[in-house]
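Architecture at a glance
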Amino acid sequence: MVPILEVQSLKKIFTKADGSAHTAVDGISFDLRAGEIFSFLGPNGAGKSTTINMITTQLSPSGGMIKIEGQDIRENPALARQKIGIVAQHNNLDRGLTALENLVFHGKYFGMGTAEAEERAHSLLEDFGLSDWKDDYVKSFSGGMAQRLKIARAIMHRPKLLFLDEPTTGLDPAYREILWKHVLTLNKKNHTTVFLTTHYMEEPQRFSDRVAIYNAGKIKAIGTIEELRELVPTANIIYLTLDQIPSGFEQFLQNDSAIRQVVKNDQKSLTIYPEDHKQALNKIINLVDKHNVTLENIQLSSTSLEDIYISLTDNKEGEKNNGTNANIN
Ligand SMILES: Nc1ncnc2c1ncn2[C@@H]1O[C@H](COP(=O)(O)OP(=O)(O)O)[C@@H](O)[C@H]1O
Ligand SMILES: [Mg+2]
C-alpha cells in the first residue's frame, strides 16, 4: 500500500539577517501509513514547525521530496492542500470574518455543501464553547478562543491528513479532551492520519501509534513507544520501600548482575534500575527475606515516554548507552 505521506531527504536552510545559513531541517526521511497517529517530538527550535510548513505547502524546501498518496506535492499543490487540515502554531484565522464565517467558508472551499457546512460549523462551535461568539469577528478573540476556532476549522472538512502543531498549548484541559475526542473520531471513522507535535508527553503516550524523537534538524529515533524503550539504558524502573534499609543492603543489590544502578531516596526507599527486571525482582524479594525487614511496597514501572525523550534529546553524542544512568537521576 502506498504510504499516505512520504518524506525523503527533506531539508530547509534559512538565511539569517547577517547572511549566514541556518539548517533548520537537515535531510529527514520518514513515511506515514494511512490511519496512524504519529507524534513528532522535539525541543523548541528543533525545526518541527518548519517540517510541517513544508509538508503542508506553506514553505518551499531547500531540498528533498514530499509525496502525499504517492504524488509529489510540487506537481499539484492545490490537490495536496485539499487532502490536509492544519492547526498551525501561529494564528492564521481570517480576522475579517466572524467565527461562523471562518468555518463555513473553509468547509465550502473544501467542497462541502452550504447546509452541511453550516450544520457542522454550528456543532463544532458548540463543542468548542464558541456558540455565543459565533457572529463575533475573530480579531476580538482571546488567544484561547482563537486556538479553539483554529482546531474547529482544521477538522471542519474531515481531512485525510491532519497536522496538529502544538494544538493543546494554552488550551484548558476540558478542551484538550474535546479536541482528542474529535481527532480520535476522525481517525476511526474517516481513517484520518494524524501528525502531531506537542510538549505534553501524556498525549503521544495515550494516543500515538508511532513516535519520532527529533532534535537539531535530525530524526534521532522513530517507532512505537515499546520500540523506543529499547534504545534507552533501562526499560523499567523498580521502586522499593522497606520499614528500614539495613546496612549493606544497597551494596548487595548494586553488586548483582541483574541490577544496573541503585539510588537511595531516603531512609526507607530505593529506586532500582534493573538490567533484567524479572531477575532483579526475585533477587530483591530474596534479599528482603534474608535481612528480616518488612516490605512496605514494591513497584515496577515502565520507563515513561518522558524518560525516553530526555534520554534521546539531552544526551550528548557519544554518551549514549554508555552503561550509566546519569541522565535519568
Ligand atoms: N522564516 C524563518 N526565517 C529564518 N529562520 C527561521 C524561520 N522559521 C524558523 N526559523 C528558525 O528555524 C529553526 C526551527 O524553527 P521551528 O521550525 O519553528 O522550530 P520548532 O517548531 O521545532 O520549535 C529555529 O532556529 C528558527 O529560529
Ligand atoms: Mg513549532
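Per chain, residue numbering runs from 1 following the sequence as it is written. Throughout, the order in which chains and ligands are written sets their labels, letters from A for the former and numbers from 1 for the latter. Owing to the predicted nature of the model, reporting of local features is limited to residues with pLDDT of at least 70; listing and counting of side-chain atom pairs is limited to 80 or more, with chain, interface and lining totals taken over all residues. Values shown for side chains rest on all heavy atoms present in the structure; no hydrogens or waters enter the calculation.

1. Re the coordination of the magnesium ion (ligand 2)
Short version of the rule: A donor here means an N, O or S atom no more than 2.8 Å from the metal, or no more than 3.2 Å when the metal is Na, K or Ca. Since water is not included, a site may seem to lack partners. Strands are runs of DSSP state E lasting at least two residues, helices are runs of H or I lasting at least four, and both sets are numbered from the N terminus onward. Partly exposed describes any residue whose relative accessible area lies between the buried limit of under 20% and the exposed limit of over 50%, with all areas from a 1.4 Å probe on protein chains only and scaled to the type maximum.
For the magnesium ion (ligand 2), the protein coordination sphere consists of Ser49 (OG) and Gln89 (OE1), at 2.0 to 2.1 Å. Taken together, the positions of Ser49 in helix H1 (residues 48-55) and Gln89 in the loop between strand S6 (84-87) and helix H3 (99-109) put the pair 40 residues apart, joining distant regions of the chain. Judged by its relative accessible area of 41%, Gln89 is partly exposed.

2. Thoughts on the site of ligand 1
Applied cut-off: We call a residue near a molecule or strand as soon as one heavy atom of that residue lies within 4 Å of the molecule or strand. Residues adjacent in sequence count toward polar contacts only when both atoms are side-chain atoms; beyond that, a polar contact is any pair of N or O atoms within 3.5 Å, and within protein one must be able to donate a hydrogen and the other to accept it. Throughout, the ten residues Ala, Val, Leu, Ile, Met, Phe, Trp, Tyr, Cys and Pro are labelled nonpolar, Asp, Glu, Lys and Arg are labelled charged, and all others, Gly among them, are labelled polar.
Neighbouring ligand 1 are the residues Phe14, His22, Ala24, Pro43, Asn44, Gly45, Ala46, Gly47, Lys48, Ser49, Thr50 and Gln89. Ala46 has a polar backbone atom sitting 3.2 Å from an oxygen atom of ligand 1. Between an oxygen atom of ligand 1 and a main-chain N or O atom of Gly47, the distance comes to 2.9 Å. Looking at side-chain class alone, the shell around ligand 1 contains four nonpolar, seven polar and one charged residues.

3. Thoughts on the UniProt feature "domain: ABC transporter" (unreviewed entry) in the protein chain
Counted only if it meets this: UniProt positions are given in the numbering used here, feature names are shortened, and annotations may be inferred rather than shown by experiment.
The feature "domain: ABC transporter" (unreviewed entry), as given by UniProt, occupies residues 5-241 in the numbering adopted here. The span residues 5-241 is 34% helical and 29% strand by assignment, and the distance between its end C-alpha atoms comes to 48 Å.

4. Focus: the sheet that holds strand S10 (residues 218-223)
Quick note on the threshold: A pair of strands is labelled paired if DSSP reports no fewer than 2 bridges between them. As a rule, the C-alpha atoms of each element are fitted with a line to give its axis, helices using only the stretch in contact, and angles between N-to-C directions run from 0 to 180 degrees.
One open sheet accounts for six strands, arranged S6-S7-S8-S3-S9-S10; its pairing is mixed. Lying at the two open borders of the sheet, with one neighbouring strand each, are S6 and S10. Strand-to-strand twist of the sheet, defined as the mean angle between neighbouring strand axes without regard to direction, takes the value 15 degrees. Inspection of the sheet shows strand S7 (residues 161-165) paired to strand S8 (residues 193-197) by five bridges, in the parallel sense. Within S8, the residue paired with Leu161 across the bridge is Thr193.

5. Examining the domain arrangement of the protein chain
We count it as follows: Residue ranges for the domains originate in an automatic or database domain assignment.
Domain boundaries in the protein chain define domain 1 (5-223) and domain 2 (236-302). Once you take the C-alpha centre of each, domain 1 and domain 2 turn out to be 45 Å apart.

6. Side note on the pattern of salt bridges
Test applied: Basic side-chain nitrogens of Lys or Arg form a salt bridge, by our definition, when they fall within 4 Å of a carboxyl oxygen of Asp or Glu.
By the definition in use, this model includes 16 salt bridges. Across the pair Glu275 and Arg260 runs a salt bridge, and its minimum N-O distance is 2.9 Å. Of this pair, Glu275 sits in the loop between strand S13 (269-274) and helix H10 (277-290) while Arg260 sits in strand S12 (residues 259-264); the two residues are 15 residues apart in sequence, bridging distant segments of the chain. Given the relative accessible area of 46%, Glu275 is considered partly exposed. What you see here is one network of salt bridges that share partners, running through Lys11, Asp26 and Lys218.

7. A look at the pairing of strand S3 (residues 37-41)
Within S3, five of the five residues are buried, leaving the element largely enclosed by the surrounding structure. The alternating pattern of S3 places Ile37, Ser39 and Leu41 on one face and Phe38 and Phe40 on the opposite face, and all of these are buried. In this structure, S3 lies alongside S8, joined through three bridges in parallel fashion. For Ser39, the partnering residue across the bridge sits in S8 and is Leu196.

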